[in-house]
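Remarks on the overall topology
Listed below, chain by chain, are the residues.
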Amino acid sequence: MYKTFEYAVGDSWLVGMYGNKAVYTIKKAEFRARDRKEIYTVDVDGTLFKYTRNRLHFILHLGVFKKLKSGTYSKYKIPEPPASVIRGYYAQMRAKEAARLERMNEKLGADARYQKIQQEISVLSHDIAKAEFNRGDAFEIRILKTKLDAAKRERAAILTLFGMDQAAMQKKVQCKACGDMGYLPNGKPCECVEKHLSKIMEYWEKSKDEKGERKAR
């Protein structure tokens, strides 16, 4: 996909900011793929500065007095990451979540109190399900549920000591549509790919740098 730079190389303005006036002239326009930003090299009275499109737009909006000269617009191509890169990024995302859960489980697995209360919750939950299936005594079921509620509160208190809560113990999926796979069951890219695109581009650039380092060795 091609886009046109918002500002043209050669564009020049008289800009006044903080009581001073200077001539701003665009010398170069580049597209930075890793974060999908337009970058402009600007001559400000003989000194070169680099500005993002948003920063340059802010300066001109705030302080331009008049446009001195018009330049030549150019286009740039937005590189689309290949499917292997998209899948690799999402695989990394899932791996980070799996590692997070593993670290939490290791920490809690070493705590005898947590393991004991987890076992108690498991047994009580089983007993309640069995009693309800067999249409057991309603009063006894209420007692079991009261015990279960107390056990869950105790578990919550233990988790708080570790700086956690029950929600943190659950696997987090950022996109329910694709299950953090990047692609839908029909093979099409998920809408969430666009939301993660800047990070995917960074992942792509890092992957290329790592491949380059391996070849250099």
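Residues numbered from 1 in each chain as written. Predicted model: local features only at pLDDT ≥ 70, side-chain atom pairs only at ≥ 80, totals over all residues. Heavy atoms only, no water.

**Re the pairing of strand β4 (residues 37-44)**
Of all eight residues in β4, seven are buried; the element is thus mostly enclosed. Bridging between strand β3 (residues 20-32) and β4 involves eight bridges; their strand directions are antiparallel. The residue bridging Y24 from the neighbouring strand is V44, located in β4. What sits between the antiparallel neighbours β3 and β4 is a turn of four residues, in which R36 has the positive phi angle 55°. Pairing of β4 with strand β5 (residues 47-52), which is carried by six bridges, proceeds in the antiparallel orientation. Counted as the bridge partner of I39 is T52 from β5. In sequence, β4 turns back onto β5 through a hairpin of two residues, with D45 there showing a positive phi of about 50°. (Buried < 20%, exposed > 50% of the residue type's maximum accessible area, 1.4 Å probe, protein only. Helix = DSSP H or I, 4+ residues; strand = E, 2+ residues; numbered from the N terminus. Pairing = 2+ DSSP bridges.)

**Considering a nonpolar patch on the surface**
A cluster of nonpolar residues, Y18, F58 and L62, forms a patch on the protein surface that exposes about 390 Å² of accessible area. On the basis of relative accessibility, which here comes to 52%, the residue L62 falls in the exposed class. (Patch = residues over 30% accessible without salt bridge, like charges linked within 9 Å, V, L, I, M, F, W, Y side chains within 5 Å. Areas by Shrake-Rupley, 256 points an atom, 1.4 Å probe, with all protein chains shown as cover. Salt bridge = Lys/Arg side-chain N within 4 Å of Asp/Glu carboxyl O.)

**A look at the pattern of salt bridges**
Scanning all chains against the criterion turns up eight salt bridges. With a shortest N-O distance of 3.0 Å, K145 and E132 are connected by a salt bridge. Of this pair, K145 sits in helix α4 (residues 138-161) while E132 sits in helix α3 (residues 112-133), placing them 13 residues apart in sequence. Residues participating in the shared-partner salt-bridge network are E6, E38 and R53.

**A closer look at the nonpolar core**
Within the largest apolar cluster, 35 residues are counted, with the highest numbers of intra-cluster contacts made by Y24, Y40, V42, L56, Y90 and I200. Elements that contribute at least two residues to this core include exactly β2 (12-17), β3, β4, α1 (53-63), α2 (83-109), α5 (192-195) and α6 (197-216). When residues of this core are assigned to domains, at least three fall in each of domain 1 (2-77) and domain 2 (83-195). Excluding residues that lie within four positions of it along the chain, V42 makes contacts with Y24, T25, I26, T47, L48, F49, Y51 and L56. If you look at the next biggest cluster of nonpolar residues, it comprises 15 residues, including M104, Y114, I158 and M169. (Core = buried A, V, L, I, M, F, W, Y, C linked by side-chain atoms within 4.5 Å. Domains from an automatic or database assignment. Contact = heavy atoms within 4.5 Å.)

**Some thoughts on the domain arrangement of the protein chain**
Its domain assignment divides the protein chain into domain 1 (2-77) and domain 2 (83-195). Here the C-alpha centre of domain 2 lies 51 Å away from the C-alpha centre of domain 1.

**Regarding the layout of surface pockets**
Taken as a whole, the largest pocket encloses approximately 220 Å³ of empty space. Taken together, Y89, Q92, M93, K96, Q174, H196, K199, E202, Y203 and K206 make up the full set of residues lining the largest pocket. Counting residues per element, the ones that place at least two in the lining of the largest pocket are α2 and α6. Residues that form the lining of the largest pocket fall into these classes: three nonpolar, three polar and four charged. (1 Å grid on protein atoms, 1.4 Å probe; cavity = no way out; pocket = protein on both sides within 12 Å on 5 of 7 lines; lining within 4 Å. Points joined across faces, edges and corners; volume = space filled by probe spheres on them. Nonpolar A, V, L, I, M, F, W, Y, C, P; charged D, E, K, R; others polar.)

**Considering α1**
A turn of α-helix holds 3.6 residues, and therefore any two residues three or four places apart point the same way. Turning to α1, its buried residues are L56, I59, L60 and G63. Take α1 and look down its axis: the buried residues cluster within an arc of 95°, on one side only. Exposed side of α1, more than 90 degrees from the buried face: N54, H61 and L62 are the residues found there. Packed against the buried residues of α1 are β2, β3, β4, β5 and β6 (64-69). (Arc of directions from axis to C-beta.)

**Digging into the sheet that holds β6**
On the basis of which strands lie adjacent, the open sheet formed by five strands has the order β5-β4-β3-β2-β6 and antiparallel pairing. Sheet topology places β5 and β6 at the edges, where each strand pairs with a single neighbour. Sheet twist, expressed as the average angle between the axes of neighbouring strands with direction ignored, equals 35°. Strands in contact with α1 are β2, β3, β4, β5 and β6; relative to β2, the strand with the most contacts, it is inclined by about 70°. (Axes fitted to C-alpha atoms, helices over the stretch in contact; angles between N-to-C directions.)

**What to know about the packing of aromatic side chains**
Where two aromatic rings form a pair, the distance of their centres and the angle of their planes describe that pair. Using the criterion set out here, one finds eight aromatic pairs in the structure. Ring geometry for F5 versus Y40: centroids 6.0 Å apart, planes at 70°, classification edge-to-face. Of this pair, F5 sits in the loop between β1 (2-4) and β2 while Y40 sits in strand β4, placing them 35 residues apart in sequence. Under the relative-accessibility criterion, F5 is labelled buried at 5%. Overall, Y40 belongs to the buried group, its relative accessible area being 0%. Relative to Y203, the ring of Y89 has its centre 6.2 Å away and its plane inclined at 70°; by these criteria the two rings are edge-to-face. On the criterion of sequence distance, the pair formed by Y89 in helix α2 and Y203 in helix α6 is long-range, its members being 114 residues apart. (Phe/Tyr/Trp six-rings, centres within 6.5 Å; stacked < 30°, edge-to-face > 60°.)

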